[in-house]
Amino acid sequence: PKVSPVCLVLVLFVRVFLIGASISDKCARVPALVNSLSFGPGKEDQRLLLTEYVARSDAGFYVNDVRLTIAMAMKFLYMWCVVAFG
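Residues numbered from 1 in each chain as written. Predicted model: local features only at pLDDT ≥ 70, side-chain atom pairs only at ≥ 80, totals over all residues. Heavy atoms only, no water.

The next subject is a nonpolar patch on the surface. Taken together, the side chains of Leu10, Phe13, Phe76, Trp80 and Val83 define a hydrophobic patch exposed on the protein surface, amounting to about 540 Å² of accessible area. Mapped by element, the contributors of at least two residues to the nonpolar patch are α1 (5-27) and α4 (70-85). With three residues, α4 is the largest single contributor of residues to the nonpolar patch. Mapped onto the secondary structure, phenylalanine 13 falls in helix α1. Residue phenylalanine 13 is classed as partly exposed on the basis of its relative accessible area, which comes to 45%. (Patch = residues over 30% accessible without salt bridge, like charges linked within 9 Å, V, L, I, M, F, W, Y side chains within 5 Å. Areas by Shrake-Rupley, 256 points an atom, 1.4 Å probe, with all protein chains shown as cover. Salt bridge = Lys/Arg side-chain N within 4 Å of Asp/Glu carboxyl O. Helix = DSSP H or I, 4+ residues; strand = E, 2+ residues; numbered from the N terminus. Buried < 20%, exposed > 50% of the residue type's maximum accessible area, 1.4 Å probe, protein only.)

Moving on, we come to the packing of aromatic side chains. The geometry of an aromatic ring pair is captured by two quantities: the separation of the ring centres and the angle between the planes. Evaluation of the coordinates by the stated rule reveals three aromatic pairs. Each ring, one from phenylalanine 17 and one from phenylalanine 76, has its centre 4.9 Å from the other, and the planes form 50°; the classification is tilted. Here phenylalanine 17, found in helix α1, pairs with phenylalanine 76, found in helix α4; they are 59 residues apart in sequence, far enough to count as distant. Of the aromatic side chains, those joined through ring pairs into one cluster are Phe13, Phe17, Phe76 and Trp80. (Phe/Tyr/Trp six-rings, centres within 6.5 Å; stacked < 30°, edge-to-face > 60°.)

Take the pattern of salt bridges next. All chains considered together, the criterion is met by one salt bridge. Its salt-bridge partner being arginine 67, residue aspartate 58 comes within 3.5 Å of it at the nearest N-O pair. For aspartate 58, a relative accessible area of 37% translates into the label partly exposed.

Let's shift gears to the environment of leucine 18. In this structure, leucine 18 sits in helix α1. In the structure, leucine 18 is positioned 19 residues away from leucine 37 in sequence and 29 Å away in space, judged by C-alpha atoms. When residues no more than four places from it in sequence are discounted, the contact partners of leucine 18 are Ile70, Ala73, Met74 and Leu77. (Contact = heavy atoms within 4.5 Å.)

Let's shift gears to the side chain of threonine 51. Looking at the secondary structure, you find threonine 51 in helix α3 (residues 44-57). The class of threonine 51 is buried, set by a relative accessible area of 12%. In contact with threonine 51, other than residues within four places in its own chain, are Pro31, Val34 and Asn35.

Here it is, written out as structure tokens:
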């Protein structure tokens with residue numbers, strides 16, 4: 001069966017959208033990982049500062065200055081399905 005190029009582009013767009021959202025969700029777990037590492041005796045203050053720095057950097061995938069999450073991506077896809085098939 002023939003696949004329309006528009007459908008192929010749409011599927012690839014959705015895939016990139018979801019991958020970006022999953023990257024943002026993974027970045028949200030990095031501060032907990034950094035906090036669990038051991039930097040040696042007497043380095044707790046530096047570990048705390050590094051953990052706070054990573055947490056406040058708010059890394060992730062942004063679209064128009066809005067952080068993209070899986071929940072936001074699923075809501076967006078749900079609304080487009082309602083528009084397309086509703």
